[in-house]
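Listed below, chain by chain, are the residues.
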Amino acid sequence: MLKKLIPILLISVILPIQNARAEVESWYTYWALGFADVDYPGDLNSALEQVDALPGISRYTIGMDLFGFYWPLADQKTMMGFVVNVVSDTLDDEIYNESFSIDSYLYGLSAMKFFGSEVGDGFLLRGDIGLTFAELSYTYGNTTTTDTSDTGLGYLIGVGYGIPVSGDSRIILSLNYSSRDIEGDDINNIVFTVGGLW
């Protein structure tokens, strides 16, 4: 009796998973968060490293993909849309209760090509191109001062891997390189993110 039930149980479990993996949505939203390595022009890198080495200073560099909306193409393995890519570099002074941050933004047209069975499955290539700018913020106590740069052009290229976890949810692991041309200077970033595609 048990031997007869095992194939039935396997079929009842495997078929829904296969059907879930084959489901392609009419559109997707994408969000991601991770760690960044930032390369600034001129002597800014060494200046920030010197400040980071001071007592009481903590530095955080993170990368994010926000407000990503994509639509699959006819091959059901490629999707195109737009996304906001953000790299934030923050120095916190715990002794004097002050902080300084450089946030760079890339508002880009974006494409992702997957090499698995569907959108969100398997190895992927990504490319973004769009408008970019940087925002500098200084906070002391309850007062924050900000300065925003002129708008320039930027791009992002990346590789990654998509893992379907349900019929409408995917986990995306990505390693991206981006360059932002802001007022004649390039800010270059390498970012590893873990994202969700729904």
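Use the structure listed above.
These numbers were taken from a predicted model, which means no experiment stands behind them.

A. Just the pattern of salt bridges, in detail. Scanning the model with the defined rule gives five salt bridges in all. Two residues, Asp65 and Arg126, come together in a salt bridge whose shortest N-O distance is 2.9 Å. Within this pair, whereas Asp65 is found in strand 2 (residues 57–72), its partner Arg126 is found in strand 5 (residues 122–140), the two being separated by 61 residues in sequence. For the residue pair Asp65 and Arg126, the accessibility class agrees, reading buried in each case. Here Arg170 ties to Glu118 by a salt bridge, and the two come within 2.5 Å at their closest N and O atoms. Taken as a pair, Arg170 in strand 8 (residues 169–182) and Glu118 in the loop between strand 4 (98–114) and strand 5 lie far apart in primary sequence, 52 residues in all.

B. Spotlight on the packing of aromatic side chains. The tally for this structure, following the rule as stated, stands at nine aromatic pairs. With a centroid separation of 6.4 Å and an interplanar angle of 75°, the aromatic rings of Tyr30 and Tyr70 are classed as edge-to-face. Separated by 40 residues along the polypeptide, Tyr30 in strand 1 (residues 28–39) and Tyr70 in strand 2 bring together distant segments of the chain. Counting every residue linked through ring pairs, the aromatic cluster contains Trp27, Phe69, Trp71 and Phe82. Over the ring of Phe115 we find Lys113, and its NZ or CZ is 5.8 Å from the ring centre.

C. Representation of unusual backbone geometry within the structure. Of note, the phi angle at Phe67 is positive, near 55°, even though the residue is not glycine. Positioned with a positive phi, Gln76 is a non-glycine residue whose angle comes to about 60°. Structurally, Gln76 is set in the loop between strand 2 and strand 3 (78–93).

D. Focus on the side chain of Ser58. In this fold, Ser58 is placed in strand 2. Judged by relative accessible area, which is 19%, Ser58 ranks as buried. There is a polar contact of 3.1 Å between the side chain of Ser58 and the side chain of Glu94.

E. Main features of the pairing of strand 4. Both strand 3 and strand 4 contribute to a ladder of 16 bridges, which runs antiparallel. What sits directly across from Gly81, in strand 4, is Ser110. Across 17 bridges, the pairing between strand 4 and strand 5 is antiparallel. Residue Tyr107 lies in a different strand from strand 5, and its bridge partner there is Leu131.

F. Quick peek at a negative patch on the surface. There is a patch of like negative charges on the surface, built from Asp147, Asp150, Asp181, Glu183, Asp185 and Asp186. Note on Glu183: relative accessible area 52%, which makes it exposed.

So, how was this worked out
Residues numbered from 1 in each chain as written. Predicted model: local features only at pLDDT ≥ 70, side-chain atom pairs only at ≥ 80, totals over all residues. Heavy atoms only, no water. Salt bridge = Lys/Arg side-chain N within 4 Å of Asp/Glu carboxyl O. Helix = DSSP H or I, 4+ residues; strand = E, 2+ residues; numbered from the N terminus. Buried < 20%, exposed > 50% of the residue type's maximum accessible area, 1.4 Å probe, protein only. Phe/Tyr/Trp six-rings, centres within 6.5 Å; stacked < 30°, edge-to-face > 60°. Lys NZ or Arg CZ within 6 Å of the ring centre and 35° of its normal. Polar contact = N/O pair within 3.5 Å; in protein donor to acceptor, adjacent residues only side chain to side chain. Pairing = 2+ DSSP bridges. Patch = residues over 30% accessible without salt bridge, like charges linked within 9 Å, V, L, I, M, F, W, Y side chains within 5 Å. Areas by Shrake-Rupley, 256 points an atom, 1.4 Å probe, with all protein chains shown as cover. Lys, Arg positive; Asp, Glu negative; His and termini not counted. Charge placed at Lys NZ, Arg CZ, Asp CG, Glu CD.

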